[in-house]
Amino acid sequence: MLGPDMQRRHFITFLFGAAAARPSATCAQQSRRMRRVGVLMQFMENDEEGQLRARAFRDRLEASGWRTGTNLLIDFRWGVGDLESTASNLMKFAPEVILANGDQAARAAQSISKAVPIVFIGSSDPVIEGFVQSIAHPAGNMTGFSTVEPTLGPKWLELLTEVAPRVTRVSILLNPNNSGSVLLANAAAARAKEFGLELAAIPIRSATEIEAAAELMAREPGSGLIVPPDPTIAGHRKLIVGLAARYRLPAAYALRSFVVEGGLISYGISIPELFQQAADYINRILNGEKPAELPVQQPSKFELAINLKAAKAVGIDVPPTLLARADEVIE
């Protein structure tokens with residue numbers, strides 16, 4: 001047994017030990033508090049491409065230590081309708097950070113909050129759009145990832161003429177509300193003559209307009225098709241790929257998902273990878289960093305995918321030199 005003095009010392013030591021432990025226990029409780037992230041997705045919820053992006057985002061956050069339902073809640077809002085109304089409803093969820101997929105989603109998020117941090121994916125020119133003050137120093141509550149590189153427009157023309165030399169006239173399907181698509185179409189138009197091509201931009205907003213555009217192209221000999229990146233158009237990719245096959249239209253796409261669906265060739269950025277990078281930014285924001293301190297990231301890595309079955313369907317033999325450059329060849 002301990003003597004009276006020893007018991008007293010032991011008791012005092014216990015008190016100080018308990019006092020020292022209490023703050024760390026409080027910190028542990030704070031670290032386990034539920035954090036909230038809102039996501040604006042310009043896809044229908046049952047769209048496989050949208051789910052692929054959402055999964056890449058969630059998995060990366062999980063890899064950073066966040067556990068959905070334990071210390072993190074993610075509220076996905078899906079659809080391509082009234083984005084401002086959707087963003088307003090999202091704010092009722094009181095998110096600490098918002099992820100916005102696409103220019104239109106980013107504008108909607110910006111319109112309902114100048115304080116909540118917003119990470120965007122897909123802005124063509126975030127400075128011109130008014131999202132940030134500069135690429136290196138965003139300065140406000142927004143930062144994110146651009147998917148538009150002007151050289152992509154001419155690159156699609158180059159690939160299309162290489163894979164389908166018979167093409168003499170190219171139509172670009174674009175969402176007129178997507179400034180990035182317009183920028184890429186203009187960049188392609190400026191170089192079209194160098195490739196011996198006529199180029200026409202066709203604004204589309206609905207499935208009916210896509211079908212009408214495909215029928216028009218089918219009547220023009222030597223027609224080819226380019227589809228730049230846009231969440232709204234990506235929602236119609238099965239229709240577009242099916243029409244290209246029906247009318248034997250060689251087509252170059254910005255997104256790999258079109259080639260997976262049966263499209264001919266794609267060249268562009270890996271969007272799921274951008275969602276992983278966006279998760280890294282959101283992790284940093286949840287841990288105390290400010291969007292103003294996180295520079296906008298611009299595209300630097302591009303992937304080439306080719307679907308040989310699609311090539312055969314439109315009567316194309318893909319040059320071996322092009323196949324050798326491909327990052328992915330789908331048999």
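In case you missed it, the structure is sitting above this.
Residues numbered from 1 in each chain as written. Predicted model: local features only at pLDDT ≥ 70, side-chain atom pairs only at ≥ 80, totals over all residues. Heavy atoms only, no water.

> So what exactly am I meant to see when it comes to the overall build of the protein here?
The number of helices and strands found in the protein is 13 helices and 12 strands. Radius of gyration (C-alpha) of the protein: 25 Å, far over the 20 Å computed for a compact globule of 331 residues. A principal-axis box enclosing the C-alpha atoms of the protein has dimensions of 105 × 40 × 35 Å. Counting over 331 residues, the protein shows a buried share of 48%. A sequence separation of at least 24 residues applies to 72% of the contacts in the protein between residues at least 6 apart. For the protein, the accessible area works out to roughly 15700 Å², and carbon and sulfur atoms hold 53% of it. Within the protein, one finds 34 positive and 34 negative side-chain charges whose respective centroids are separated by 6 Å. (Helix = DSSP H or I, 4+ residues; strand = E, 2+ residues; numbered from the N terminus. Rg over C-alpha atoms; globule rule 2.2 N^0.38 Å. Buried < 20%, exposed > 50% of the residue type's maximum accessible area, 1.4 Å probe, protein only. Contact = heavy atoms within 4.5 Å. Areas by Shrake-Rupley, 256 points an atom, 1.4 Å probe, with all protein chains shown as cover. Lys, Arg positive; Asp, Glu negative; His and termini not counted. Charge placed at Lys NZ, Arg CZ, Asp CG, Glu CD.)

> What is the right way to look at helix 6 (residues 179–191) in this model?
Along an α-helix, a turn takes 3.6 residues, which lines up residues three or four apart on a common side. Under the 1.5 Å per step criterion, the end-to-end length of helix 6 is 19 Å for 13 residues, consistent within 8% with the ideal 18 Å. Here helix 6 has its buried residues at Gly180, Ser181, Leu184, Ala185, Ala187 and Ala188. Take helix 6 and look down its axis: the buried residues cluster within an arc of 160 degrees, on one side only. Away from its buried face by more than 90 degrees, helix 6 exposes Asn186 and Ala190. Turning to helix 6, the residues buried within the fold contact helix 4 (103–112), helix 5 (152–163), strand 6 (169–174) and strand 7 (198–203). One side-chain oxygen of the residue at the start of helix 6 lies 2.9 Å from the amide nitrogen of Gly180, identifying that residue as Asn178. (Expected span 1.5 Å × (residues − 1). Arc of directions from axis to C-beta. Polar contact = N/O pair within 3.5 Å; in protein donor to acceptor, adjacent residues only side chain to side chain.)

> Hey, could you run me through the pairing of strand 4 (residues 118–123) in this one?
In terms of burial, strand 4 is largely enclosed, as 6 of its 6 residues are buried. As judged from the 4 bridges shared by strand 3 (residues 97–101) and strand 4, these two strands associate in the parallel manner. When the bridges of strand 4 are listed, Ala100 appears paired with Phe120. Taking the sense of rotation as the criterion, the β-α-β connection linking strand 3, helix 4 and strand 4 turns out right-handed. Here strand 4 pairs with strand 5 (residues 142–146) via 5 bridges, running parallel. Within strand 5, the residue paired with Val119 across the bridge is Thr143. (Pairing = 2+ DSSP bridges. Right-handed = clockwise from strand over helix to strand, strands pointing away.)

> How do you make sense of the packing of helix 3 (residues 83–91) against helix 4 when you look at a structure like this?
The relative placement of two packed helices is expressed as an angle between their axes plus a distance between the axes. For the pair helix 3 and helix 4, interaxial distance at closest approach is 8 Å and the crossing angle is 50 degrees. Between helix 3 and helix 4, the crossing angle belongs to the class labelled oblique. Like other packed secondary-structure pairs, helix 3 and helix 4 cross with a definite hand, here right-handed. Facing helix 3, whose interface residues are Leu83, Glu84, Ala87, Ser88 and Met91, helix 4 presents Gln104, Ala105, Ala108, Ala109, Ser111 and Ile112. The residue inventory of the contact of helix 3 with helix 4, partitioned by class, reads 7 nonpolar, 3 polar and 1 charged. (Axes fitted to C-alpha atoms, helices over the stretch in contact; angles between N-to-C directions. Parallel < 35°, antiparallel > 145°, perpendicular 65-115°, else oblique. Left-handed = near helix turned anticlockwise from the far one by under 90°. Nonpolar A, V, L, I, M, F, W, Y, C, P; charged D, E, K, R; others polar.)

> Sorry if this is basic, but what is going on with the sheet that holds strand 6 here?
Through backbone hydrogen bonds, the strands of a sheet pair up, either in parallel or in antiparallel fashion. Judged by pairing direction, the sheet is mixed, and its 7 strands sit side by side in the order 7-6-8-9-10-11-12 without closing on themselves. Only two strands of the sheet have a single neighbouring strand rather than two, namely strand 7 and strand 12 (328–330). In this sheet, neighbouring strand axes are inclined to one another by 20 degrees on average, regardless of whether the strands run parallel or antiparallel. Here strand 9 (residues 251–253) runs beside strand 10 (residues 265–268); their pairing, made up of 2 bridges, is parallel. If you follow Tyr253 over to strand 10, its bridge partner there is Ser266. Along the sheet, helix 6 makes contact with strand 6 and strand 7, crossing strand 6 at roughly 165 degrees. Relative to strand 9, helix 9 (residues 237–246) is tilted by about 160 degrees, and along the sheet it contacts strand 6, strand 8 (223–227) and strand 9.

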